[in-house]
Amino acid sequence: MKKIITISRQFGAGGGELGRRTAKALGLPFYDKDLILRTAMASSGLSPEQVRRWDERVPTTFGFTQSLFDFYNRPLSDKLWEAQVKAIREMADKESCVIVGRNADYILREFDHCLRVFVHADFEWRVDRMHQMMPDTPVEKLRMNIKSVDRARNAYCTRYTGHHYADATNYDLTLCTSRLGIDVALEQILKAAEHI
């Protein structure tokens, strides 16, 4: 039976690593930034550079001056959202896989064979983890970047789904990696995946 596992995450909580390790353990394809390129290819008129520019961000220029009827001149992020939805649904229809981010949990909310996971961690634990991965980056800059990415992800999620991305009711399983650790969190995901 087909299995789709989506992993949403706070920045620095280890969601990407858990996604890769889950996919490897289950022998499934893994989609993260690769999905950006697939999305661009699935949507005529969007180049990979345009997709990268708007990835998981809400444009600051969007507002009431935008005509509701001006379909072809909508902000690029609206076009990207539609292309992303199409690409993710096509992938989930075609094969079992693990998808990190991209609001895949919301996009695939009607899929019965989908496990929706949210990974979070205490803020300072995330700072320490990112500092270990990027020791040359000043800790204060890491703190600012983590907050900035979390805000951008939440704004993007809220704009296109109407949900807060850290709301536990949107997921089947939420894991705190600062308390459990990455290895135990992986065990829990694999255990839960047996039941979908």
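Participant: Can you break down helix α7 (residues 139-161) residue by residue, with the values?
Facilitator: Since there are 3.6 residues in each turn of an α-helix, residues three or four apart along the chain are aligned in direction. When the terminal C-alpha atoms of α7 are compared, their 32 Å separation across 23 residues agrees well with the 33 Å that a helix rising 1.5 Å per residue should span. Regarding α7, the residues found buried are Leu142, Ile146, Asp150, Arg153, Asn154, Tyr156, Cys157, Tyr160 and Thr161.

Participant: Residues and numbers for the packing of aromatic side chains, please.
Facilitator: For the structure shown, the criterion picks out 5 aromatic pairs. On the basis of an interplanar angle of 85° and a centroid distance of 5.6 Å, the ring pair of Phe118 and Tyr165 is categorised as edge-to-face. Of the two residues, Phe118 sits in strand β4 (residues 114-120) while Tyr165 sits in the loop between α7 and β5 (173-176), which places them 47 residues apart along the sequence. Overall, Phe118 belongs to the buried group, its relative accessible area being 2%. Summarising the aromatic geometry, the rings of Tyr156 and Tyr160 are spaced 5.1 Å apart at their centres and angled 50° between planes, so their arrangement reads as tilted. Within this pair, Tyr156 and its partner Tyr160 are both found in helix α7, separated by 4 residues, close to a single helical turn. For Tyr156, a relative accessible area of 1% translates into the label buried. Taking the relative accessible area as the measure of exposure, Tyr160 reaches 12% and is therefore buried.

Participant: Give a detailed account of the confidence of the model for the protein chain, specifying residues and quantitative values.
Facilitator: For the protein chain, the average pLDDT comes to 85, and 84% of its residues sit at 70 or higher. Highest mean pLDDT in the protein chain belongs to β5 (98); lowest belongs to helix α2 (residues 34-42) (69). Segment residues 62-72: pLDDT under 50, and 7 contacts once partners within four positions in sequence are set aside and those in other chains are kept.

Reading the values: rules and limits
- Residues numbered from 1 in each chain as written.
- Predicted model: local features only at pLDDT ≥ 70, side-chain atom pairs only at ≥ 80, totals over all residues.
- Heavy atoms only, no water.
- Helix = DSSP H or I, 4+ residues; strand = E, 2+ residues; numbered from the N terminus.
- Expected span 1.5 Å × (residues − 1).
- Buried < 20%, exposed > 50% of the residue type's maximum accessible area, 1.4 Å probe, protein only.
- Phe/Tyr/Trp six-rings, centres within 6.5 Å; stacked < 30°, edge-to-face > 60°.
- pLDDT = per-residue confidence, 0-100.
- Contact = heavy atoms within 4.5 Å.

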